[in-house]
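A closer look at the structure
Read off the chains here:
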Number of protein chains: 2
Amino acid sequence: MVEAFKAKNKINGMYEIFENVYVFQFARDFMGRFVYSFSESGEVIKKSDDEKLESMRSLLGGKGFHLAKMSSMGLSVPCGFTITTEACKNYYENNKVLCPKIITEIYESVKKLEVSSNKSFFHLDQYSANKFPLLVSVRSGARSSMPGMMDTILNIGMNRIVAERLLSHIKDEVFVLDVYIRFLQMFSEIVGEVSKSELDFYNGRASEDKVRIFKKLYERNTKKTFPEEPKEQLIEAVKAVFRSWENPRAKFYRKMHGISESEGTAVNVQMMVFGNLGKNSGTGVAFSRSPITGEKGIFGEFLEKAQGEDVVAGLRTPLPLSELKNKMPEIYSEFSMISEYLENEYRDMQDIEFTVERGKLYLLQTRTAKRSAEAALKVSVDFVREGKTTKQEAVLRLDPGQIERSMYPCFDYHALKSAKLIASGLAASPGVAVGRTVFCAKIAKDLVNTGEKVILVRRETSPEDIEGMQAAEGILTACGGITSHAAVVARGMGRCCVVGCEKIKVGETSFTVDELTVNEGDFISIDGSSGKVYLGEVQAVGAKFSPDFEVVMSWADELRRLGVYANADSAADVRHALKLGAQGVGLCRTEHMFFKEERIKAIREMILSKTDLERQSALKCLLPFQKSDFKEIFSVLESKPITIRLLDLPLHEFLPESDESLEPIAHDLGVSKSQLLEAVNLLREFNPMMGHRGCRLFVSYPEIAKMQTQAIIGAAVEVFFEFGYKVEPEIMIPLVGDVEEVRFIKKIITETAENLILESHCESFVKYKVGTMIEVPRAAVLADKIASEVQFFSFGTNDLTQMTFGFSRDDASKFLNNYYEKNIYKFDPFKHIDCEGVGALIKSAVRMGRSINSRLKIGVCGEHGGDPESIKFFNELKVDYVSCSPYRVPVARLAAAQAELARNYNVF
Amino acid sequence: MVEAFKAKNKINGMYEIFENVYVFQFARDFMGRFVYSFSESGEVIKKSDDEKLESMRSLLGGKGFHLAKMSSMGLSVPCGFTITTEACKNYYENNKVLCPKIITEIYESVKKLEVSSNKSFFHLDQYSANKFPLLVSVRSGARSSMPGMMDTILNIGMNRIVAERLLSHIKDEVFVLDVYIRFLQMFSEIVGEVSKSELDFYNGRASEDKVRIFKKLYERNTKKTFPEEPKEQLIEAVKAVFRSWENPRAKFYRKMHGISESEGTAVNVQMMVFGNLGKNSGTGVAFSRSPITGEKGIFGEFLEKAQGEDVVAGLRTPLPLSELKNKMPEIYSEFSMISEYLENEYRDMQDIEFTVERGKLYLLQTRTAKRSAEAALKVSVDFVREGKTTKQEAVLRLDPGQIERSMYPCFDYHALKSAKLIASGLAASPGVAVGRTVFCAKIAKDLVNTGEKVILVRRETSPEDIEGMQAAEGILTACGGITSHAAVVARGMGRCCVVGCEKIKVGETSFTVDELTVNEGDFISIDGSSGKVYLGEVQAVGAKFSPDFEVVMSWADELRRLGVYANADSAADVRHALKLGAQGVGLCRTEHMFFKEERIKAIREMILSKTDLERQSALKCLLPFQKSDFKEIFSVLESKPITIRLLDLPLHEFLPESDESLEPIAHDLGVSKSQLLEAVNLLREFNPMMGHRGCRLFVSYPEIAKMQTQAIIGAAVEVFFEFGYKVEPEIMIPLVGDVEEVRFIKKIITETAENLILESHCESFVKYKVGTMIEVPRAAVLADKIASEVQFFSFGTNDLTQMTFGFSRDDASKFLNNYYEKNIYKFDPFKHIDCEGVGALIKSAVRMGRSINSRLKIGVCGEHGGDPESIKFFNELKVDYVSCSPYRVPVARLAAAQAELARNYNVF
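Notes on the structure follow. (Residues numbered from 1 in each chain as written. Chains lettered and ligands numbered in written order. Predicted model: local features only at pLDDT ≥ 70, side-chain atom pairs only at ≥ 80, totals over all residues. Heavy atoms only, no water.)

Pairing between side chains of opposite charge can happen when their charged atoms approach one another. Per the counting criterion, the structure on display carries 132 salt bridges over all chains. Across the pair Asp351(A) and Arg367(A) runs a salt bridge whose closest N-O atoms are separated by 3.4 Å. Of the two residues, Asp351(A) sits in strand E11 (residues 350-357) while Arg367(A) sits in strand E12 (residues 360-368), which places them 16 residues apart along the sequence. Residue class for Asp351(A) comes out buried when judged on its relative accessible area of 9%. Since its relative accessible area comes to 30%, Arg367(A) is described here as partly exposed. Lys857(B) is the partner of Glu730(B) in a salt bridge, and the nearest nitrogen-oxygen pair spans 2.8 Å. In this pair, Glu730(B) is assigned in strand E29 (residues 730-733) and Lys857(B) in strand E32 (residues 857-860), connecting sequence segments 127 residues apart. When its relative accessible area of 15% is taken as the criterion, Lys857(B) is described as buried. (Salt bridge = Lys/Arg side-chain N within 4 Å of Asp/Glu carboxyl O. Helix = DSSP H or I, 4+ residues; strand = E, 2+ residues; numbered from the N terminus. Buried < 20%, exposed > 50% of the residue type's maximum accessible area, 1.4 Å probe, protein only.)

Right, let's talk about the relation of the copies chain A and chain B for a bit. Rotating chain A by 179° about the axis while translating it 0.3 Å along that axis superimposes it on chain B, leaving an RMSD of 0.5 Å. The symmetry that links the two subunits is that of a two-fold axis. Scanning chain A for the C-alpha nearest the rotation axis identifies Asn687(A), at a separation of 2.3 Å. Taken as a fraction of all interface residues of chain A, those also at the interface in chain B reach 100%, which identifies the copy contact as same-surface. (Least-squares fit on C-alpha atoms with pLDDT ≥ 70 in both. Contact = heavy atoms within 4.5 Å.)

A few words on the interface of chain A and chain B. Each side of the interface is counted separately: chain A has 47 residues, and chain B has 47 residues. Taken together, the connections running from chain A to chain B amount to 6 salt bridges. Note that Arg778(A) is salt-bridged to Glu836(B), the shortest N-O span being 3.7 Å. If you look at where chain A meets chain B, you find 24 residue pairs in polar contact (both at pLDDT 80 or more). Going through the elements one at a time, helix H28 (673-683), helix H29 (695-700), helix H31 (739-759), helix H32 (777-781), helix H34 (797-805), helix H35 (809-821) and helix H36 (838-852) of chain A are the ones with two or more residues in the side of chain A that touches chain B. The element contributing the most residues to the side of chain A that touches chain B is H35(A), with 6 residues. Residue composition of the side of chain A that touches chain B, grouped by class: 23 nonpolar, 10 polar and 14 charged. (Polar contact = N/O pair within 3.5 Å; in protein donor to acceptor, adjacent residues only side chain to side chain. Nonpolar A, V, L, I, M, F, W, Y, C, P; charged D, E, K, R; others polar.)

The next subject is the packing of aromatic side chains. All names here are of chain A. For the structure shown, the criterion picks out 59 aromatic pairs over all chains. With centroids separated by 6.0 Å and ring planes inclined at 80°, the aromatic side chains of phenylalanine 594 and phenylalanine 654 adopt a geometry described as edge-to-face. Of this pair, phenylalanine 594 sits in the loop between strand E27 (585-589) and helix H25 (597-608) while phenylalanine 654 sits in the loop between strand E28 (642-645) and helix H27 (662-669), and the two are 60 residues apart along the sequence. By relative accessible area, which is 1% here, phenylalanine 594 ends up buried. The exposure class assigned to phenylalanine 654 is buried, which follows from its relative accessible area of 0%. On the basis of an interplanar angle of 55° and a centroid distance of 6.0 Å, the ring pair of phenylalanine 815 and tyrosine 819 is categorised as tilted. (Phe/Tyr/Trp six-rings, centres within 6.5 Å; stacked < 30°, edge-to-face > 60°.)

A word on the packing of H25(A) against H27(A). Residue and element names in this part refer to chain A. Two elements in contact, H25 and H27, have axes separated by 10 Å at closest approach and are oriented at 85°. Looking at the two axes, H25 sits roughly perpendicular to H27. Judged by residue contacts, Lys601, Arg604, Glu605 and Leu608 of H25 engage Ile665, Asp668 and Leu669 from H27. In the contact of H25 with H27, the residues fall into 3 nonpolar, no polar and 4 charged. (Axes fitted to C-alpha atoms, helices over the stretch in contact; angles between N-to-C directions. Parallel < 35°, antiparallel > 145°, perpendicular 65-115°, else oblique.)

Right under this line is the structure:
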């Protein structure tokens, strides 16, 4: 065995991440058989290249694959065989009947198992008194890990005669009865479909009575005699495990994790070993490193005189694994070696199940260990330091989703235990927030100015609430889905947000939940990652940026090709983004800048202008505000790149929505209520998403583009003179659909910019670029023409997705669930980019754009820019950068590195 | 000259329709010179092939081209020269300065003109007493005809000395003074920009005083001395004509007619001939056939002792041309021959200007004659009968727009003279209507049932008004643009409609215009082609379908490749469409069927259903209605093809919009007002166009698709048994964006259909097809996948245009005017298909679809299906058919034939 440890690491640990590829090819070569012993498949695995390994894994399932692999390493694995996923498919195609060929192969494999175990799988008609009885386990094992979702039956092969035979060998009546009862219980539940509660009713010591009762329960439920014949038990068990592929929780799990329904599960039939067979026996689960911290050394739990499920069941408290060292020092040392050996072989931290039967160690399973984000980072760094993996592998192994989640603060685990949960809504923007309840955006802002922390609670939010939302720690709304105004804006700002919390009734200065009233000023705590709302202050813990995190991120930065920029609209956002590793700002939206108090008045005056002159004078008021915003942002950015999108909001969003707010606003603006109402009505649109916004505004009101350009270039000039930073702002025109639109607006921008630059004698220091969003399908179709006029493209994948699919995100949330339920869509196209539809437009636009203008800078600034799945796709297209919300910058850096690595390894 | 008449027709008459092609190519070859005498360019024209001819036309403008051409035919054209459009461009590029090269060339050409005319263009410094003075006209002449839009100046070369010289030759003081005053008036107005009203103030007899006054007016206005030097006059006149290219009415005309701003105008300088020079002189305009009826023979008017503008000015009543026969029989007979000769040469009916100076006939202009629709049809048929053109040419010559307009009824010309115009709105749907004013859809329906004709007058319409709109003769609204609900629905129904008639204030039972009140029941007359509203009953005349129309249409049908179907939602529409030559129904919308009184209740019950069972029972009520609608339609269609679109309307459109209508409807449905309001709010959408509609409804409520399929197939079965018609309905799924949507809904359709067909034993008689609208950009991108599941595509170009451009038609009407004004868009993409954007998607979808499914039937059913420009494009793509509103079927047939001919002649 020590020899085996010294064997070279021949197997490429990379295959773990090669999922979904080359899956069925090898299975076809291997066809014609449905059952393989571990030693047979172990031999094939030894000789397989990466491609074949994947096929083997698909065929044998994860568990079968690892058992065969461990077996081929010479490790002590109870002998057994795998009934392949192809058999499962055959079973389903055959209307849930096991075909004779499969049954024959199973019987033949049992015969071989009798030989290798030197035990006898009992036959009622072939009684063999001398041999030790062979009992087997039947376990599911799909290609993709689905822990606990499908069924397992132990101790198959038991009946009264076998029990007597066992007793004659072991002389331990309690043990034998225990084995018998465990078998009957599982078999009745899983094959006989007797309810668990009914079986649990007879909880207590094993007894002859229980044997009788469990068989009766089986017979009552199935209207069939209980099968005493072990072969029959085995076949029924295999079928039951195949059927468990389709149980509701397994289906749900697959939907959650994107596992294909057609994969099917393999079944592993394995000689039983007994951890409950006297003093020198036991069972345990161990990790090769700490799953919490990643610390090196085996961690786990151990239970003497027990079978595997006893550790999980929690009826007896298991011992820490260190106890094993005292109790069975040889076993402990053997296990330590095996743990290290497996870690080396798999080149990853392992989660290992083992059983000791009368002093002999058996390995029942090994798999990649689940771990905390902290552990994942530490293990990655340690493995590279220890020379066990390359940086590339370490980066590839990390789960970007886990890293992302660890970026947000969360509630303290212990504090949460005593917190009072009062309601649940939809998790709309991650992180947690604690603060005083406030119901009005203005009050929120004022309170925050006095140093308070607040949570803004609204029935729903509207654009007028922006300032309050920015001031608040978090936002809670009673209405709206995860694509509602509150949700979208909060995510953009990186504010924690819970929406659609329908249980709360929001009043003027309080909200109620059932009998409870929460008044203005009372503390609440909300969790935007879970949607939960708590009364009072729950202690939060911030995200930790361990040194390991920094090391891993620096590797990712080395390995990625794609730039990672942030979407940031304020100096604070920019500061945060830079801290998280953004290389610049890929999307600076200017519309929020208009919502601040003094500014919204000016923009409203502009909207109500009757003449160009009036409009220009209103815009003149806005200019200093815009310029100072940009100055602040540029100062933080120093000379890093920034893409600034010109105003992209339908004008009506600046006007009051509700009837009540008309009066004071009209008064403030010095117009009559009816005049204001007329303007509101005039600007109302049937489909605001497809209305008068983006560059269409500038065609109508070129003065807006002019003012914004003045602000941007003016700020760049001042920042250059004051700090010496050479800012090169990229001025982006939104919602372009035609090259003539670009020409028209570009002319305004360049004339304005050139004049300003000339006036301030900055020709050699202040540069700028002009580019467009590509977010209207027509812009993608005509990308070559548009590219001839601009220096950069930025794909606005949110709108592009909406228009290409022809549904608005807000409205679609109502019916998309039907699409998932009916399996029409596999995923939310607003979360992951739709490669074949929207992606095809992007791909051809990139190609067309570059064909005309090889120096065209191309980025992505939609929410997909922070989604690892989508980043893979964008990396393939060789765009220059993605831009995402600051919190997602680290995950994007990681995902970009993974995408580039995967591309080079030809994984896609 | 008679020899010239006998010359063979060498020039291809086809070039008239070859506009816009090869335009600048030849101009470039010809560059280096800016001025050509008629004889020079006439020589080039003689030797030119079609391509060069077009270039010549661009270079010389229409007038110059025809003058040169006539000159080359040996016809008597006053000698002269053309200053090219290139010179005009040069003038504009040169900041409105005539470059020395052009001036030199003009002077050289004047010298040649002196030689060929044997007259002298007076030079102040080179007084030549013996020669007859040469006066010239300076006329604009762009490539595209822009009648009356630009300027002309006659009698250039006049001054006091020349006047004396003229008098010495002619001895007619009145004539000379008349010539002098005419010159001064035109020159002061056009070069000096003296206002016409000021000049008109001095109306009356020519006098020496007037000479002085007009020069003074010129000098006061220009602050320059009046130019006495003829050369200076000529140069100023040429510049003024060039400037007139940019006058507002010319710009407007170009925008209206899609003429490029960059063409520029040529200027023709020509020896003056004087129709006012005594008894044997005169001037006239004649057509080679009647422009009203198309009858053969010269028609026109003649004025003795007059110059050209006198005919137009209407100060003297011209004589019918037949008088010329008596007065100047030789001239008449010569002119008749020339007229026939020109018709043969140009192979089209001509509009000829001529002048007789002292018994000598001069031709001043010939051009293709404008004519009425009736005349156009007759001339086409006669020319083919006379062997002058082929059917192909005859079909190509017709103006589809003119034919379309002639399809609609209009008000009697004489009746209109005495009609009282009370208001004007936007012409939203052509035709005229007369009826009693009604303000409520329900009353409209009831009144119509008693045999009255009504006009429905509303502030704006909503879907609830559908039945009233269908019942009414016409619809008039105070609000909304030509894409408002009223307009779109009316066009769909072929109802005459005027919208946005803002002057009328609509009350409950009356409307007012200024002081006038029109009460319910009063008669009004509206013209949907002009937007005019008249008080009382104005007599209307219906469209005439002359035998010539039928002949021309039969040629078009022979020559076209593209099928022409109609959009028709009722048996009446279908009947009308078939009469106008539709080959079938390309789009039968089913949503209007739901709005009839008994049905809307059932559909509302369906919407309010809480359970599937309730929903099914509501749908069960609708089934018989739907089935009987289809039966009626199928019976009219006999066995012709029909494409039926499944329900495509957001459900909220079936619920009341206004607060007032909630109460009665809730009562009617047996629910509380708040329940109904809740449903209304729940269904409200942010962007209804991109909401829960089309096939998305069937994913949520498959029962609707099932019910509709039952109705369609059930009707087909019954029509087969009752009448023996083998209907093959094409069931169309709207708003598809993914092949899985198609699979899901197709399964429902085919299962339902197959069951019904099997049950009724109609397998061999009742067939059906399943297909999709392609109207969402994603469907176009994924057309290959979708094609694998369907038998036909129908491009819904309205929605495809909206989503590809990313603007909704309703909202875009507000800002698109800015786009036209600023020259960003050249045309309305909802009127003509956007070939390069939307068209590119269609093109690739056609290719992809056919690549997968070569038998795929492909049609177009958006409003572009009836637009000649768009039909050209669709014909190029080789789609199978276009479908349009019944009224547009003839124009589509004609346009399809023209498109096919043009394709074969390689015109596009």
